[in-house]
Amino acid sequence: MAKITAEYIWIDGQKPTAKLRSKTKIIDPAKSLADIPEWGYDGSSTEQATGHFSDLLLRPVKMVPDPLHREGDLLVLCEVLMPDGTVHPSNTRAFLRQVAERYKEQEAWFGIEQEYTFFDGNRPLGWPDHGFPAPQGGYYCGVGADEVFGRDVVEAHADACMRAGIHIVGTNAEVMPGQWEFQVGAITAPDIADELWLARWLLYRIGEEFGISATLYPKPVKGDWNGAGAHTNFSTKAMRAEGGIKVIEEAMKKLERRHDEHIKVYGAHNEERLTGLHETAPIHAFRYGVSDRGASVRIPMATTKEGRGYFEDRRPAASRADRAAPRWGLLASWSFSSRSSQFPMTSRSTVIPSKRRWRSSCRSSSSWPASWPSRASSRCCTRRR
Ligand code: ADP
Ligand code: MN
Ligand code: MN
Ligand code: MN
């Protein structure tokens, strides 16, 4: 029986923002999680252990089809455990499992809008070699090579997520050129967190094929440019039912009381983003409003009109690391990662390190999904500016 590849994916112990890691195991075909063996790795290389006691355990907790390889190949998301099987301190998913179980009867749904920024070497994708692009205004949901940069990667990513069975529900170009968003959900926890992490892994991995990296840093370019968030849309069964708006309003009071506590887990460097400008509320003030994109929490117009629905917490950074569990329900996700690359804006740009990789990745491959742009196409090999 032909073997398959299983890409074991886990979250490391980097602070303040954890990072994704993965390695490949060649195993017999697997029908369910029970067929996928536990595995180990060197925790001293991922800031999760010291050199003397470095072995950590990977326990498979979710498997999906690997959309980039052969049929039967898998992506396997893992929890990190100590060698004796107890939960590793960096493993916040174990905590989330408990919270999700405790508040199960609330039937909480989460829909997360993951914003991110493409980088080509040391500058945002599509930015000129010198100076800045035209000011923001025309880029959001734009079309055309002068406004939109990286759509081929975005489409390949959405396609891969769909093949993997991730509940991706949309994508759009964002306000800053080179910045994009995809949305996952609405689904329950811990599925939302699992799927978001897998979608992030796919984004980075597919970026490799195009020689482009993605960052979740919440304010990749200082100044008059939008930051990147992870708006979290949330509802419970009671909020979605007749008269649910009252439950939402009660939730607003509870969120306000715990504002500081939540900000602490909504991602590192979020203060650079939550300034009160660029469709954000200042980091130290809690305010909610109907249809208000300058508020901490927005209640969509449709929710107000219908008297029931959901609300949007606009505070989490794209790199959110929250696992807060307000008592009224659950607003929990396990830690969310980012690459903390920061755009070093210098007057003269020098390097384009991705060029060679870009070329080498343009080889066509038989396993490359047929619906994707050919890696041998001239478009892929031509750097667009
Ligand atoms: P925005 O107008 O803020 O850009 P988006 O369309 O990007 O909104 O994202 C809206 C998100 O809200 C989607 O992920 C969607 O699945 C989610 N959502 C819709 N209804 C609910 C609900 N009842 N509970 C939780 N999330 C929801
Ligand atoms: Mn959105
Ligand atoms: Mn957005
Ligand atoms: Mn939003």
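From a predicted model like this one, the values you see are computed outputs, not experimental measurements.

Engineer: Help me out: how do you make sense of the overall build of the protein chain in this one?
Structural biologist: Within the protein chain, the secondary structure is distributed over nine helices and 14 strands. Of all 385 residues assigned to the protein chain, the portion counted as buried reaches 45%. Considering only intrachain contacts with a sequence separation of at least 6, the fraction spanning at least 24 residues in the protein chain is 67%.

Engineer: It is not clear to me how the nonpolar core should be interpreted in this structure. Could you clarify?
Structural biologist: One broad rule of soluble globular proteins: the nonpolar side chains tend to lie buried together. Counting residues in hydrophobic clusters, the biggest one holds 87 residues, and the most contacted among them are Ile-9, Val-76, Leu-198, Ala-199 and Leu-202. In terms of residues, this core owes the most to one element, helix H3 (residues 191-210), which gives 12 residues. For this core, the two domains that each supply at least three residues are domain 1 (4-90) and domain 2 (99-332).

Engineer: I'm lost on the sheet that holds strand S5 (residues 74-81) in this one. Help?
Structural biologist: With respect to topology, five strands assemble into an open sheet ordered S2-S1-S5-S4-S3, the strand pairing being mixed. The sheet is open, and its two edges are formed by strand S2 (20-27) and strand S3 (39-42), each paired on a single side. Recorded for the sheet is a direction-independent mean angle of 40 degrees between the axes of neighbouring strands. Here strand S1 (residues 4-11) runs beside S2; their pairing, made up of eight bridges, is antiparallel. Among the inter-strand pairings, Ile-11 is bridged to a residue of S2, identified as Leu-20. Running over the sheet, H3 touches S1, S2, strand S4 (55-65) and S5 and is turned about 85 degrees from S2.

Engineer: Any chance you could explain the environment of Asp-84 here in plain terms?
Structural biologist: Tracing the backbone shows Asp-84 in the loop between S5 and helix H1 (92-102). Separated by 28 residues in the primary sequence, Asp-84 and Leu-56 place their C-alpha atoms 9.0 Å from one another.

Here is what the cut-offs are and how they apply
- Residues numbered from 1 in each chain as written.
- Chains lettered and ligands numbered in written order.
- Predicted model: local features only at pLDDT ≥ 70, side-chain atom pairs only at ≥ 80, totals over all residues.
- Helix = DSSP H or I, 4+ residues; strand = E, 2+ residues; numbered from the N terminus.
- Buried ≥ 20, exposed ≤ 12 C-beta atoms within 10 Å, placed from the backbone.
- Contact = placed C-beta atoms within 7 Å.
- Core = buried A, V, L, I, M, F, W, Y, C linked by C-beta atoms within 7 Å.
- Domains from an automatic or database assignment.
- Pairing = 2+ DSSP bridges.
- Axes fitted to C-alpha atoms, helices over the stretch in contact; angles between N-to-C directions.

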